[in-house]
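# Structural overview for review
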Amino acid sequence: MAADDNRPILVPVLGDQLTRTLASLRGRTKDDTVILMMEVWDEATYVKHHKQKIVLIFSAMRHFAAELEDAGWQVDYVKLTDPDNAGSFTGEVARAVERHDPRAIHVVEAGEWRVQQAIEEWPDKFDCEVKILPDDRFVASLAEFRDWAEDRNQLRMEYFYREMRRKTGLLMTDDGKPVGGEWNLDSENRKPPKDGMSAPERPKFEPDEITQQCIDLVREKFADHFGSLDKFEWPVTREEAEEAADAFFAERIENFGPYQDAMVAGEDDLFHSMLSTSINLGLLDPLELCRRAEQSHKDGKAPLNSVEGFIRQIIGWREYVRGFYWHQMPHLQRANALNAQRGLPEFYWTGETDMACLADCVRSTRDNAHAHHIQRLMVLGNFALLAGISPPEVQDWYLVVYADAYEWVELPNVAAMILYADGGKLASKPYAASGNYINKMSNYCSGCRYSPSKKTGEGACPFNPLYWHFMVRHRERLENNPRVGRIFSTWDRMDEDKRQDYLDSAEAFLATLEPAGKTWAKSSRAQAGDTPQQNLMTNHGGCAILT
Ligand code: FAD
Ligand code: DLZ
Ligand code: SF4
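Residues numbered from 1 in each chain as written. Chains lettered and ligands numbered in written order. Predicted model: local features only at pLDDT ≥ 70, side-chain atom pairs only at ≥ 80, totals over all residues. Heavy atoms only, no water.

## Observations regarding the pairing of strand β4 (residues 104-108)
With respect to burial, β4 is a largely interior element, five of its five residues being buried. What you see with β4 is no split at all: A104, H106 and V108 on one side and I105 and V107 on the other are buried throughout. In this sheet, β4 lies alongside strand β1 (residues 9-12) in parallel orientation, the contact comprising two bridges. Residue pairing for β4: L10 is matched across the bridge by I105. Sheet topology places β4 next to strand β5 (residues 129-133); five bridges connect them, and they run parallel. Considered in β5, the bridge of V108 is made with L133. (Buried < 20%, exposed > 50% of the residue type's maximum accessible area, 1.4 Å probe, protein only. Helix = DSSP H or I, 4+ residues; strand = E, 2+ residues; numbered from the N terminus. Pairing = 2+ DSSP bridges.)

Next comes the structure, spelled out in structure tokens:
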């Protein structure tokens, strides 16, 4: 570059990079930088995202652009309806290169493998320097995770989490021990709900003019996508996200820990923070939130089990799944260790099932683009695992339906945590449970036509026979697993008729499952000639849409 080259630097900012201190913006000056933000058809349709998710991302992007412009930055914002919109990140960067003739492009690496593959082609495509910067909004760099994971057969979150505690100093004593003596208070995060339990109302954010325009756009252009737009209450700016965080630390963190695994029909948020959408968009700094949580313990406002639980979810699970994703891609998308082949049942989209727990979780998912962790794991996920639903179908569903879903966080949770499709690299055992668990941790069963105490036959909770059907199907793989192997001696002690009853009941139930009729997950462009396997290649692995 010549010393007098006064052409600008082009800084593309992706929809989940809405952070003022993003590596590509740090140290840049306003007079030689053009920030490029792009609403593109490919991102909005590589799966048919929940309507609220598209509104959330477009609205947060538009607010962020306005905020940057107010602060004096030059922002080139391409709307979806721009008649010349090329439809992809690469196409839009190409158009911006024409418009601005930049001397370089500085971009922060993408969160998703699919997008990163496309970005890595930019140096060959564009006739200027392309600098791809690490996303340093995480505690652990990808190299750090790789070093930690190297030579380990099993990548357990617990040990990684301890490293992150040491690195950040969160909940550590001066002599390097965990505050309170234990690293992990998970066993104190499992109180069942009390009768009539409800949580304080959290702040809800009325759509402003910008959000309303996005709602109108989504109603018009994405009418056939899943999900309700009857209400839209997500924070779309850093200011709103901070208000949401303030309310969590003031009113809900105290009970967050004890009731982390509790479920109450109709109580969609309980004591959860509801901050994942803001953290993932870049509106909130996860480490800052952890420091606030730690402070609330120091101030005597929150018990250790709540604070440690919250910090563990963020510097433990969140950091860990991100490292795991990049370490295991791209084969994680195709993993199917349990050879699960069943189609996703229709009720995952409609909520029409007599199973009260599933119906409520799907309702919350449809109405809020959200379900809390234990609903995703032990109801929706547990069912998919036990029924043997094919991983690509489950992966697509989770990627579509949640407003906080990006593949880097969704895929490890789905493929590895709930479906055991990675064969146990992430989880030491499958998270399989019978109706007993859901009955203990929720009030769902009292409103259900099935009974959790009935094991087989008419009226039995379907989770009960499905649990045994799953265990028997995978006996060879699981019986030597120290955490579940013992269960087979219980099975072996049952009399033959009872065992047959379990298997027959499960088969009869599975035969009633209707596979999804309408194609909810895939955009019409991606559907042609689809099989689950081809879906993987075209929609996740192949970057076909970005070329
Ligand atoms: P809280 O319960 O208040 O937890 C605090 C924060 O911890 C969350 O905001 C989130 O940032 C983090 N966190 C908690 N658990 C996890 C986890 N397992 N992995 C990563 N971060 C975690 N989270 C997503 O952000 N996007 C997803 O696409 C996603 N898909 C999931 C799929 C399955 C099958 C499961 C079991 C979990 C998934 N999660 C996902 C994790 C978790 O369910 C959500 O982060 C959480 O429900 C968001 O609500 P909250 O902000 O109220 O979380
Ligand atoms: C999820 C999403 C959607 C629906 N639309 C856009 C968009 O139009 N423009 C954009 O920059 N980002 C969008 N996103 C988020 C991206 O998919 C996300 O930034 C990448 O997946 C990260 O790799
Ligand atoms: Fe769910 Fe079974 Fe309870 Fe019904 S009885 S709510 S299906 S766990």
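## Considering the site of ligand 2
Surveying the vicinity of ligand 2 reveals 18 residues, the closest of which are G15, D16, M38, E43 and E112. Here an oxygen atom of ligand 2 and a backbone polar atom of V40 are 2.8 Å apart. E43 places a polar side-chain atom, nitrogen or oxygen, 2.5 Å from an oxygen atom of ligand 2. Calculation on ligand 2 without its partners gives an accessible area of 480 Å², and the protein chains cover 100% of this total. For the shell around ligand 2, the secondary-structure elements that each account for two or more residues are α1 (41-45), α2 (51-70) and α4 (113-119). No other element matches α2, which puts three residues into the shell around ligand 2. When the residues that make up the shell around ligand 2 are grouped by side-chain class, the tally is 10 nonpolar, three polar and five charged. (Near = heavy atom within 4 Å. Polar contact = N/O pair within 3.5 Å; in protein donor to acceptor, adjacent residues only side chain to side chain. Areas by Shrake-Rupley, 256 points an atom, 1.4 Å probe, with all protein chains shown as cover. Nonpolar A, V, L, I, M, F, W, Y, C, P; charged D, E, K, R; others polar.)

## Re the packing of helix α6 (residues 142-149) against helix α12 (residues 304-328)
Axis angle and axis distance: for two packed helices, these are the angle between their axes and the distance between the axes, and together they describe the pair. The interhelical angle for the contact between α6 and α12, taken along N-to-C directions, is 80°, at an axis separation of 9 Å. The orientation of α6 relative to α12 falls into the category roughly perpendicular. Here L142, F145, R146, W148 and A149 of α6 come into contact with α12, specifically with Y320, R322, G323, F324, W326 and H327. (Axes fitted to C-alpha atoms, helices over the stretch in contact; angles between N-to-C directions. Parallel < 35°, antiparallel > 145°, perpendicular 65-115°, else oblique. Contact = heavy atoms within 4.5 Å.)

## Things to note about the confidence of the model for the protein
Looking at the protein, pLDDT values average 93 and 95% of them are 70 or higher. Confidence over residues 525-547 falls short of pLDDT 50; this stretch has 54 contacts with residues more than four positions distant or in other chains. (pLDDT = per-residue confidence, 0-100.)

## Topic: the side chain of H272
As for its position among the elements, H272 is in the loop between α9 (238-256) and α10 (276-281). Assessed through its relative accessible area of 9%, H272 is described here as buried. A polar side-chain atom of H272 sits 3.5 Å from the main-chain carbonyl oxygen of Q260. Residues within four places of H272 in sequence aside, it is in contact with F248, R252, F256, Q260 and H372.

## Some remarks on the sheet that holds β1
Strand order in the open sheet formed by five strands is β3-β2-β1-β4-β5, and the pairing between neighbours is parallel. Two strands close off the open sheet at either side, each with one partner strand: β3 (74-78) and β5. When the angles between neighbouring strand axes are averaged without regard to direction, this sheet yields 20°. Note: strand β2 (residues 33-38) against β3, five bridges, orientation parallel. Residue pairing across strands places L36 opposite D76, the latter belonging to β3. Sheet strands in contact with α2 are β2 and β3, and its direction is about 155° off that of β3. Seen against the sheet, helix α3 (residues 89-100) touches β1, β2, β3 and β4 and runs at an angle of roughly 150° to β2.

## Quick look at the site of ligand 1
Near ligand 1 lie 29 residues; those nearest to it are H272, S273, M274, N280 and N413. Within the side chain of H272, one N or O atom sits 2.7 Å away from an oxygen atom of ligand 1. Within the contact set of ligand 1, an oxygen atom lies 2.9 Å away from a side-chain nitrogen or oxygen of N280. Bound to the protein, ligand 1 loses 99% of the 810 Å² it would expose on its own. Every element with two or more residues in the shell around ligand 1 is listed here: α10, α12, α15 (373-387) and α17 (407-418). Residues belonging to the shell around ligand 1 are distributed by class as follows: 16 nonpolar, nine polar and four charged.

## Description of the environment of A293
Among the secondary structure elements, A293 is positioned in helix α11 (residues 286-298). Taking C-alpha positions, A293 is 12 Å from A247, a pair spaced 46 residues apart along the chain. The residues touching A293, leaving out its near neighbours within four places in the chain, are F249, I253, V307, F310 and I311.

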